[in-house]
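Coordinates in review
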Amino acid sequence: MNVLVLNGPNLGRLGTREPDKYGHDTYADLVDSCERTAVELGIEVEVRQTDHEGEMVGWLHEAADSRRPVVLNAAAWTHYSIAVRDACAQLRAPLLEVHLSNVHSRESFRAHSYISELATGVLVGLGVRGYTLALRWLAETAS
Ligand code: DQA
């Protein structure tokens, strides 16, 4: 199994960005955790981040065409991007939506996700562990 872990805008600034909400782990730590977990689980993983919506849509098309499972933290696009939502609708393997923070305990605009109805599962509020748990679920369930 070859999983794409896709991260949206501002997630490259983890560690310095609002650590009270997103924790002290850096983006490099997030990548490292995913890669180490993948080795442990015997799966392949590729972790990417972009601040550009079109690039994210292109990566989702790539995942759709190659039938790769996706772990997606679409960050702010979660709450307003129909383009990202429509790209997710084309996926043909499991989609796990992840958010570091508990989006349901924050501002009301974060409670709505355009992606959740398309996702196989949603992990929120577990920090970087949300990503590694998503990978574990995929390795155990979707292989
Ligand atoms: C986030 C939550 C979003 O509301 C926010 O815009 C982000 C990060 C999270 O991981 O908690 O950028 O997706």
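Above this text you will find the structure in question.
Summarised in this report is the structure supplied together with it. (Residues numbered from 1 in each chain as written. Predicted model: local features only at pLDDT ≥ 70, side-chain atom pairs only at ≥ 80, totals over all residues. Heavy atoms only, no water.)

Considering the site of the ligand
The immediate surroundings of the ligand are formed by Arg 17, Tyr 22, Asn 73, Ala 75, Ala 76, His 79, His 99, Leu 100, Ser 101, Val 103 and Arg 110. His 79 is positioned with one of its side-chain polar atoms (N or O) 2.7 Å from an oxygen atom of the ligand. Take Ser 101: an N or O atom from its side chain is 2.6 Å from an oxygen atom of the ligand. Considered on its own, the ligand offers 320 Å² of accessible surface; in the complex 98% of this is hidden by protein. With respect to the detected pockets, the ligand is housed in the largest pocket. Within the shell around the ligand, the residues separate by chemical class into five nonpolar, four polar and two charged. (Near = heavy atom within 4 Å. Polar contact = N/O pair within 3.5 Å; in protein donor to acceptor, adjacent residues only side chain to side chain. Areas by Shrake-Rupley, 256 points an atom, 1.4 Å probe, with all protein chains shown as cover. 1 Å grid on protein atoms, 1.4 Å probe; cavity = no way out; pocket = protein on both sides within 12 Å on 5 of 7 lines; lining within 4 Å. Sits in = over half its atoms within 2 Å of the grid points. Nonpolar A, V, L, I, M, F, W, Y, C, P; charged D, E, K, R; others polar.)

Considerations on helix α2 (residues 27-41)
Over its 15 residues, α2 runs 21 Å from end to end, which matches the ideal 21 Å to within 8%, given 1.5 Å per residue. If you check which residues of α2 are buried, you get Tyr 27, Leu 30, Val 31, Ser 33, Cys 34, Thr 37 and Ala 38. For α2, the arc enclosing every buried residue in end-on projection is 160 degrees, short of the 170-degree limit, so these residues lie on one face. Across from the buried face of α2, at angles greater than 90 degrees, the exposed residues are Ala 28, Arg 36, Val 39 and Glu 40. Positive phi shows up at Gly 42, right after α2, with a value of about 75 degrees. (Helix = DSSP H or I, 4+ residues; strand = E, 2+ residues; numbered from the N terminus. Expected span 1.5 Å × (residues − 1). Buried < 20%, exposed > 50% of the residue type's maximum accessible area, 1.4 Å probe, protein only. Arc of directions from axis to C-beta.)

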